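# Coordinate inspection notes
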Amino acid sequence: IEGGVGEIKIDSPATTGSAAKTGKVTLKTTEMETIYDLGQKMIESLQKEKVQAGDVIAIDKASGRISKLGRSFARSRDYDAMGPATKFVQCPEGELQKRKEVVHVVTLHEIDVINSRSQGFLALFAGDTGEIRSEVREQIDGKVAEWREEGKADIVPGVLFIDEVHMLDIECFSFLNRALENDLAPIVVVATNRGITKIRGTNYKSPHGIPIDLLDRLLIIQTKPYSEEELRLIIDIRCEEEDVEMSDDAKELLTKIGTETSLRYAMQLITSSYLIAKRRKAAEVDIEDVSKSYSLFVDVKRSTQFLIEYQDQYMFNEIKASEVQPMES
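Note that the structure is a prediction, hence the values are computed from the model and not measured.

Moving on, we come to the pattern of salt bridges. One pass over the full model with this rule turns up 14 salt bridges. Note that Arg-217 is salt-bridged to Glu-181, the shortest N-O span being 3.0 Å. Remark: Glu-181 occurs in the loop between α5 (170–180) and β8 (187–191) and Arg-217 occurs in the loop between α6 (212–215) and α7 (228–241); sequence separation between them is 36 residues. Arg-217 gets classed as partly exposed once you look at its relative accessible area, which sits at 44%. Where Glu-242 meets Arg-238, a salt bridge forms, and the shortest distance between an N and an O atom there is 2.9 Å. Residue classification places Arg-238 among the partly exposed positions, given a relative accessible area of 35%. One network of salt bridges, in which partners are shared, links Arg-232, Asp-236, Asp-248, Lys-251 and Glu-252.

What follows concerns the pairing of strand β1 (residues 2–11). Where β1 meets strand β4 (residues 55–59), 3 bridges bridge the pair, whose relative direction is antiparallel. Bridge pairing in β4 places Gly-3 opposite Ile-57. Pairing analysis gives 7 bridges linking β1 to strand β2 (residues 22–28), with the strands arranged antiparallel. Opposite Ile-8, over in β2, you have Val-25 as the bridge partner.

Now for the packing of aromatic side chains. All told, the structure shown has 2 aromatic pairs when counted by the stated rule. Taking 6.3 Å as the distance between ring centres and 65° as the angle between the ring planes, the aromatic pair formed by Tyr-265 and Tyr-294 counts as edge-to-face. Of the two residues, Tyr-265 is situated in helix α9 (residues 263–279) and Tyr-294 in helix α10 (residues 287–296); the sequence distance between them amounts to 29 residues. By relative accessible area, which is 7% here, Tyr-265 ends up buried. In this structure Tyr-294 comes out as partly exposed when scored by relative accessible area, which is 26%.

Let's shift gears to the sheet that holds strand β3 (residues 33–38). One open sheet accounts for 6 strands, arranged β3-β2-β1-β4-β5-β6; its pairing is mixed. Only two strands of the sheet have a single neighbouring strand rather than two, namely β3 and β6 (88–89). Relative to β3, β2 is paired through 6 bridges, and the arrangement is antiparallel. Counterpart to Thr-26 in the pairing with β3 is Ile-35. Contacts from helix α1 (residues 40–48) reach β1, β2, β3, β4 and β5 (66–72), with the element oriented near 110° to β3.

Reading the values: rules and limits
- Residues numbered from 1 in each chain as written.
- Predicted model: local features only at pLDDT ≥ 70, side-chain atom pairs only at ≥ 80, totals over all residues.
- Heavy atoms only, no water.
- Salt bridge = Lys/Arg side-chain N within 4 Å of Asp/Glu carboxyl O.
- Helix = DSSP H or I, 4+ residues; strand = E, 2+ residues; numbered from the N terminus.
- Buried < 20%, exposed > 50% of the residue type's maximum accessible area, 1.4 Å probe, protein only.
- Pairing = 2+ DSSP bridges.
- Phe/Tyr/Trp six-rings, centres within 6.5 Å; stacked < 30°, edge-to-face > 60°.
- Contact = heavy atoms within 4.5 Å.
- Axes fitted to C-alpha atoms, helices over the stretch in contact; angles between N-to-C directions.

Here you go:
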């Protein structure tokens, strides 16, 4: 039931005995007006929500819950004292009683937890979900499939992102293989930077350290190095996110550094260059700030070259000069 409150009458008993309060409320839309008798609980709900004439309310017939939607525009010119947070809404149109469809978004895990034990709903808040039996999962999956056929529920697949997937062992890959065959399985996205390497837990080598049978289920996306234009755009965005004012020449130098070394190293120089410029009280980061930061903090390639040149001066050196291979940028 949804409408504007025209009038509220509440009759309190004269004596403080067992007699309950009674009352009437007039609800109206743009097309009709109806008077409803109020019981004790409805009167308490109206008083709790501080409903008065001119408000627009919604009553859930199933639970008896009253929601105050706002103040009617018809009362916007009243001289009553109203705060700045007062919300004005249009008076509802059509019938007073309307059928509304309520959508609840829950995960399958939450349904499993609620049905796995007597106090399952409280376990969601406590975090102690415990072990969920396979029988419970099968029953829930069957019920969800039934709801889907009846049109009562829609399945929105989730996304599971696994970074550094080569760190998983053969048992984890076996579990993933089985889980992906489920009808309710989420969309799985994995990422790795390994070439042909050993699968953890075995002595077998495989592309990216992933078993061949799992690779066959995946769509492999090819990646390419960033171009100079893309590097410059990323540096511009990074400077904006970190609120760093930087000259175009300094950005060009950072782009060149990122091309020769790595993008991560170039992005880390943004903060250090900003601190150097701040120390000399400059309004923006210039080339000299980036150059000084570049000289203070070395990248992986220069650090490796330094170790090769002075390896005899370090303790526990295990690499011989003849075994050193030149690194590619």
